[in-house]
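Descriptive structure summary
Listed below, chain by chain, are the residues.
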Amino acid sequence: MDIQIASSWKLALQAEFEKDYFRNLVAFVKSEYQHHTCYPPGKKIFEAFNRTPLDHVKVVIIGQDPYHGAGQANGLCFSVADGVKHPPSLINIFKELETDLGKPYPQSGNLESWADQGVLLLNATLTVRASEAGSHQKQGWEQFTDVVISTLSQKRDNIIFLLWGGFAKKKSKLIDAQKHHILTSGHPSPLSANRGYWFGNQHFSQVNELLKSQGKSPIKW
């Protein structure tokens, strides 16, 4: 079974690829893509890993599920392809970016530039059936991406984990808080943001201050 994933990740996760649950997951995903419209495009399923190799990760943002609308998902959590209308959560992320860093609201919702700078944009579930949110959950992806988070915690130091919302916050148990930085807030979705749990978290400026304190270059958000 050939997984198209950056060599640094392939090496670190090889044992997972050979486990029964992952073989079953691959069979499920292949069948879904053959019989239904699914997102992201097949070649983009591991895009987060291919854009941000294991040894380049400086920051991790954890999402739950890919967007399930046509042309939206591009393999990076919260990100959409160029020219695609910004989903509500991404709008609120960009609004916080505006107030936190004084940056103009971005035209494109494509976060590839973040990924290329070392921000691992990781969804817990990497695929979804069109128009059916959560349709590929509980098939093995969550087990796999939990191992990804644990691997980063064990093999690296001083990574900044951004845990937005209740689902992401539960991942803190996989992270060694003695070695890494964990910043938490409400989710950027309108339901949470409009109740005051998202805006004003200043995570983007905090990340850059932490990176500078480590002698690393800040992220050009």
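Thresholds, definitions, all that
- Residues numbered from 1 in each chain as written.
- Predicted model: local features only at pLDDT ≥ 70, side-chain atom pairs only at ≥ 80, totals over all residues.
- Heavy atoms only, no water.
- Helix = DSSP H or I, 4+ residues; strand = E, 2+ residues; numbered from the N terminus.
- Contact = heavy atoms within 4.5 Å.
- Core = buried A, V, L, I, M, F, W, Y, C linked by side-chain atoms within 4.5 Å.
- Buried < 20%, exposed > 50% of the residue type's maximum accessible area, 1.4 Å probe, protein only.
- 1 Å grid on protein atoms, 1.4 Å probe; cavity = no way out; pocket = protein on both sides within 12 Å on 5 of 7 lines; lining within 4 Å.
- Points joined across faces, edges and corners; volume = space filled by probe spheres on them.
- Nonpolar A, V, L, I, M, F, W, Y, C, P; charged D, E, K, R; others polar.

Relative to the helices and strands, alanine 48 is located in helix H3 (residues 47–51). Taking the C-alpha atoms as reference points, alanine 48 and leucine 211, 163 residues apart in sequence, are found 20 Å from one another. Leaving out residues up to four positions away in the same chain, alanine 48 has contacts with Gly75, Leu76, Leu120 and Leu121.

Core analysis: the largest hydrophobic core is formed by 66 residues, its most contacted members being Trp9, Phe22, Phe46, Phe49, Trp114, Phe144 and Leu152. The element contributing the most residues to this core is helix H2 (residues 20–35), with 6 residues. Every residue in contact with tryptophan 9, bar those within four places of it in the chain, is listed here: Phe49, Thr52, Pro53, Leu54, Val57, Leu120, Val148 and Leu152.

All right, on to the layout of surface pockets then. Roughly 470 Å³ of internal volume is contained in the largest pocket. In this structure, the largest pocket is lined by 28 residues; those nearest its centre are Asp65, Tyr67, Phe78, Ser89 and His187. Elements that contribute at least two residues to the lining of the largest pocket include exactly strand E2 (59–63), helix H4 (88–101) and helix H7 (165–169). It is H7 that provides the largest number of residues to the lining of the largest pocket, a total of 4 residues. Tallied by class, the residues present in the lining of the largest pocket amount to 13 nonpolar, 14 polar and 1 charged.

Read these as layout, nothing more, since geometry by itself doesn't imply function.
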